[in-house]
Amino acid sequence: MEGDKELTSLITSLSIPKTHASVGLSNLIAANKQHKSLFVNRRLPDRGWSDLQIQHFLLTLSTLDTNNNEAVSSTSGSESTAGRWCGVGEREGRVYSPLVAQRHFGMTHGIGRSGDITEPQPKAVGSSTIARLTLHLVLDAIRRGSGLDGRGAASNGILLPLCTGMSMAMTLTSIREALPEEEKGKKNVVLWSRIDQKSCYKAIASAGMRCVVVQTKVNAETDEVVTDMGAMAKALEENEGNVLAIITTTSCFAPRVPDAVDEVAKLCQKNDVAQVINNAYGLQCDRTSKLINRACVVGRVDAIVCSTDKNFLVPVGE
């Protein structure tokens, strides 16, 4: 490539042998090919990148954000001056601590625009690119790693910098907003197949809805705590016309086993009620993924909430 030849020429002009320069530049050429492959294929590489390769990629993208424009020029009359970019808007990615800026590879603008987290940010092309690529890579991990069907359960998704409970609350409010206007005030009940953990209960309350706890039952043969489909159907009947969604869970503390999300899916489809599956830990278990895939085929599943920190070992909310 012409650019590689020019760079080789510049290096050799410093009395560095051409053979040495070629060896060094081969690493740069390989890195550029990796970057291109990531953009084209939008999937996790079969062979993982080194920390240095990842840092190089992130720093390269961060230069696309306006807060990292080190030099800008302005022309006034016949004079031209150079200076450092300094934004004066309400959102300019200004960071006081170099340590904080370094931790984020200089990407300080954030993502999204005007209340839409998926909207590209014009001042942060690099950050917006990272956000889009990350979603593609997460979906790839879910499909190829966990086995969720790319044509059903994992056909699309959204990546939020939120904990599981808050993501659940956002999901419920989104389902409500999609209702016809005359139904929004009426459907405010969420049926929750009981688990002894508070996140879902708090999520329902945070969304401004009323939680109806559906008790589980003990399987006499196995001592497992399982979904009580009879109680679920009864709760639907008692709250007929007011139920927005049913929340089920695929993983919890023993002896609780995954809810019968496939049977609930049939019930939801029959009664025109949404099902939201709390799959916070479930990506680690292929049997759980198969159960969810079946639920998407035999009935109705509106959303599946998974946790990045619980499945991918990253910090909470990242």
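### Brief notes about the packing of aromatic side chains
Per the stated rule, a full pass over the model turns up three aromatic pairs. When the ring of Trp49 is compared with that of Phe57, the centres are 5.6 Å apart and the planes differ by 90°; the resulting orientation is edge-to-face. Residue class for Trp49 comes out buried when judged on its relative accessible area of 17%. Since its relative accessible area comes to 6%, Phe57 is described here as buried. What links up through ring pairs into an aromatic cluster is the set Phe39, Trp49 and Phe57. Residue placement shows Lys310 over the ring face of Tyr281; its charged tip is 5.5 Å from the ring centre.

### As for the nonpolar core
Counting residues in hydrophobic clusters, the biggest one holds 21 residues, and the most contacted among them are Met168, Leu172, Trp192, Ile204, Met209, Ile247 and Val276. Elements represented by at least two residues in this core include exactly helix 6 (164-177), strand 3 (189-193), helix 8 (199-206), strand 7 (243-249), strand 8 (274-278) and strand 9 (303-305). Of the residues forming this core, the biggest block, four residues, is contributed by helix 6. In this structure, Ile247 is in contact with Met168, Leu172, Val190, Leu191, Trp192, Ser193, Cys200, Ile204 and Val276, ignoring residues within four places of it in sequence.

### Overview of the layout of surface pockets
Of the voids in this model, the second largest pocket is the one considered here, and its volume is about 1000 Å³. As for the second largest pocket, its lining consists of 41 residues, of which Gly157, Ile158, Thr171, Ile304 and Val305 are closest to the centre. Of all the secondary structure elements, the ones that give two or more residues to the lining of the second largest pocket are helix 5 (125-146), helix 6, strand 9 and helix 12 (308-312). The dominant element in the lining of the second largest pocket, judged by the number of residues it contributes, is helix 6, at six residues. Here the residues of the lining of the second largest pocket are counted per class, giving 23 nonpolar, 14 polar and four charged.

Cut-off values and rules
Residues numbered from 1 in each chain as written. Predicted model: local features only at pLDDT ≥ 70, side-chain atom pairs only at ≥ 80, totals over all residues. Heavy atoms only, no water. Phe/Tyr/Trp six-rings, centres within 6.5 Å; stacked < 30°, edge-to-face > 60°. Buried < 20%, exposed > 50% of the residue type's maximum accessible area, 1.4 Å probe, protein only. Lys NZ or Arg CZ within 6 Å of the ring centre and 35° of its normal. Core = buried A, V, L, I, M, F, W, Y, C linked by side-chain atoms within 4.5 Å. Helix = DSSP H or I, 4+ residues; strand = E, 2+ residues; numbered from the N terminus. Contact = heavy atoms within 4.5 Å. 1 Å grid on protein atoms, 1.4 Å probe; cavity = no way out; pocket = protein on both sides within 12 Å on 5 of 7 lines; lining within 4 Å. Points joined across faces, edges and corners; volume = space filled by probe spheres on them. Nonpolar A, V, L, I, M, F, W, Y, C, P; charged D, E, K, R; others polar.

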